[in-house]
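Here is how the chains run, residue by residue.
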Amino acid sequence: MRSFVSALRILLCALPIVLLCTASGRLMLPLAAAVFIHECAHLLTLRLAHGRLRGFCAAPFGLRLEIDENTLSAGGEALVSAAGSAANLLCFLLSLLLYRFFAVDFLTFGIISLLSAGLNLLPAEPLDGGRLLYLLLARRTDPLRASRITSGVSFVCALMVFLFSSYSTLTGGQGLYALLFSLYLLLVAARGAGVICSSKKRG
C-alpha cells in the first residue's frame, strides 16, 4: 500500500510538470510569475511576523513551505497563510487597472493570479484555505476536533472538484489539470483521515 501511495505521489508530481511544459509559451511566463509572487508573499509575511522557515519541498502543483509553528501565534500563522492569495488578488486588481487606464495588457497574468488565489483559498488541506479553516476551528474547539472537521471538509471539497473536473473532461475534453489536482487533494484528505483515526485510537 505504501508503494502504491508513493508511486501515485510521484505521478501527481510529474504530470503537472509535463502539462506545464506542453502548455503554450504565452501561459508559461505569467503562470511562473503568479506562483513566484504567491510564494514570495508567504516568505515576506513570515519574516515580518518573526517566524522561522524550517525548509521547503517540492509538492504536486507547487511548493510546500515547512514553517516552525512554535515561532508564530495563531494570528501570525493565519496572516502567513493568507498572504499568498492576497498577493495574487492584488496582482489581479493591478492588471485590471493597468488595462483600464493605461491600455497595458497584463490580463492573462491577472486572470492566472486570480485562479491561483481561488484555488489556494479552497477549504482543503494542504492548501492555504485548509490551513485557515483549521486555525479558525482551533480557536473554538480542541485541535483534534478541528483536524477532524478540516479533514472532512477537505474530502468534500476535493470530491466536488473531482466530480466537476471529471464531467468537464468527459464532455468537453478539458479539465485534466483540475482532475489531477482533485486527485491530489483526495489523497491528502484520505491520509489526514488515517492519521486522525490513529491518534484517536492511541488516545
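Residues numbered from 1 in each chain as written. Predicted model: local features only at pLDDT ≥ 70, side-chain atom pairs only at ≥ 80, totals over all residues. Heavy atoms only, no water.

Geometrically, the link from Glu125 to Pro126 is a cis peptide bond, its omega value of 5 degrees lying close to zero. Looking at the element boundaries, Pro126 is found in the loop between helix H4 (107–120) and helix H5 (128–138). Here the phi dihedral of His50 falls at roughly 60 degrees; this positive angle occurs in a residue that is not glycine. In this fold, His50 is placed in the loop between helix H2 (25–48) and strand S1 (52–59). Backbone geometry places Ala103, a non-glycine residue, at a positive phi of 55 degrees. The topology assignment puts Ala103 in the loop between helix H3 (74–102) and H4. (Helix = DSSP H or I, 4+ residues; strand = E, 2+ residues; numbered from the N terminus.)

What follows is about H4. Two residues of an α-helix separated by three or four positions point the same way, owing to the 3.6 residues in each turn. In a regular helix each residue adds 1.5 Å, so 14 residues correspond to 20 Å; H4 covers 20 Å between its end C-alpha atoms and thus fits that length. Listing the buried residues of H4 in full gives Phe109, Gly110, Ile112, Ser113, Ser116, Ala117 and Asn120. Here the buried residues of H4 occupy an arc of 165 degrees about the axis, which is enough to place them on one side. (Expected span 1.5 Å × (residues − 1). Buried < 20%, exposed > 50% of the residue type's maximum accessible area, 1.4 Å probe, protein only. Arc of directions from axis to C-beta.)

Another point: the confidence of the model for the protein. This prediction gives the protein a mean pLDDT of 81; 79% of its residues lie at or above 70. Summarising per-element confidence for the protein, the mean pLDDT is lowest in helix H1 (residues 2–22) (51) and highest in H5 (95). (pLDDT = per-residue confidence, 0-100.)

For the rest of this paragraph, the subject is the packing of aromatic side chains. Per the stated rule, a full pass over the model turns up zero aromatic pairs. In this arrangement the basic side chain of Arg100 is found over the ring face of Phe101, its NZ or CZ atom lying 5.3 Å from the centre. (Phe/Tyr/Trp six-rings, centres within 6.5 Å; stacked < 30°, edge-to-face > 60°. Lys NZ or Arg CZ within 6 Å of the ring centre and 35° of its normal.)

Another point: the pattern of salt bridges. According to the stated counting rule, one finds two salt bridges in the structure shown. Residues Arg52 and Asp68 are paired through a salt bridge, measuring 2.6 Å at the closest nitrogen-oxygen approach. Of this pair, Arg52 sits in strand S1 while Asp68 is found in strand S2 (residues 62–68), placing the two residues 16 residues apart along the sequence. Between Glu77 and Arg131 there is a salt bridge, with the nearest N and O atoms lying 2.6 Å from each other. In this pair, Glu77 is assigned in helix H3 and Arg131 in helix H5, connecting sequence segments 54 residues apart. Overall, Glu77 belongs to the buried group, its relative accessible area being 10%. (Salt bridge = Lys/Arg side-chain N within 4 Å of Asp/Glu carboxyl O.)

The subject of this paragraph is the nonpolar core. One recurring pattern in soluble globular proteins is that nonpolar side chains are buried together. Listed in full, the nine residues of the largest apolar core are Ala124, Leu127, Cys157, Ala158, Phe181, Tyr184, Leu185, Leu186 and Val188. Sorting the residues of this core by element identifies helix H6 (143–172) and helix H7 (176–202) as the ones contributing at least two each. With five residues, the top contributor of residues to this core is H7. Counting residues in each nonpolar core, the second largest holds five residues, with Tyr134, Leu135, Leu137 and Ala146 among its members. (Core = buried A, V, L, I, M, F, W, Y, C linked by side-chain atoms within 4.5 Å.)

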